[in-house]
Amino acid sequence: MAKKKAKPAPAADNKNRIPRKEPYDSDRMTNVVERLREQAGRLSQLARTLDDTDIDEVVIDGHAMLLRGLNQIDNFADNAARAVREARTMKFG
């Protein structure tokens, strides 16, 4: 028996989607970096608190989500580096 073809997504669903690509300028990238610094600071403070209070370990919900997020940040940084490289090549040859 032949496989059925996939149905195209309804047009209404596409209106609510976030675009895959967005323009970034220096200010927007700086805001992203600042947010990452704030998050890193919070996590660093938690690590210091664990050390200072001699807590051996804690069980934290959301571990897998954190790892996926870190991977997404790595992917975003790679994509951004490639986009900057391509823009420089187009600008300067």
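Here the structure is a predicted model, which means the values were calculated and not measured.

**Observations regarding a negative patch on the surface**
- Negative charge collects at one region of the surface, where Asp 51, Asp 52, Asp 54, Asp 56 and Glu 57 lie side by side.
- Relative to the assigned elements, Glu 57 resides in the loop between α2 (26-52) and α3 (63-92).

**Topic: the pattern of salt bridges**
- As enumerated under the stated definition, the model contains one salt bridge in all.
- With its nearest N and O atoms 3.0 Å apart, the salt bridge here joins Glu 22 to Arg 28.
- Using a relative accessible area of 38% as the deciding quantity, one classes Glu 22 as partly exposed.
- Here Arg 28 falls in the partly exposed class, since its relative accessible area comes to 32%.

**Thoughts on the domain arrangement of the protein chain**
- Partitioning the protein chain into domains gives domain 1 (24-53) and domain 2 (64-92).
- Centre-to-centre separation of domain 1 and domain 2, based on C-alpha positions: 18 Å.

**Digging into α2**
- Compared with the 39 Å implied by 1.5 Å per residue over 27 residues, the 38 Å span of α2 between its first and last C-alpha is a close match.
- Where α2 terminates, the next one or two residues include Asp 54, which has phi positive at roughly 55°.

**Comments concerning the confidence of the model for the protein chain**
- Per-residue pLDDT for the protein chain averages 91, and the proportion of residues at 70 or more is 92%.
- At the level of individual helices and strands, the protein chain shows its lowest average pLDDT in helix α1 (residues 11-15), which scores 66, and its highest in α2, which scores 97.

Criteria and cut-off values
Residues numbered from 1 in each chain as written. Predicted model: local features only at pLDDT ≥ 70, side-chain atom pairs only at ≥ 80, totals over all residues. Heavy atoms only, no water. Patch = residues over 30% accessible without salt bridge, like charges linked within 9 Å, V, L, I, M, F, W, Y side chains within 5 Å. Areas by Shrake-Rupley, 256 points an atom, 1.4 Å probe, with all protein chains shown as cover. Salt bridge = Lys/Arg side-chain N within 4 Å of Asp/Glu carboxyl O. Lys, Arg positive; Asp, Glu negative; His and termini not counted. Charge placed at Lys NZ, Arg CZ, Asp CG, Glu CD. Helix = DSSP H or I, 4+ residues; strand = E, 2+ residues; numbered from the N terminus. Buried < 20%, exposed > 50% of the residue type's maximum accessible area, 1.4 Å probe, protein only. Domains from an automatic or database assignment. Expected span 1.5 Å × (residues − 1). pLDDT = per-residue confidence, 0-100.

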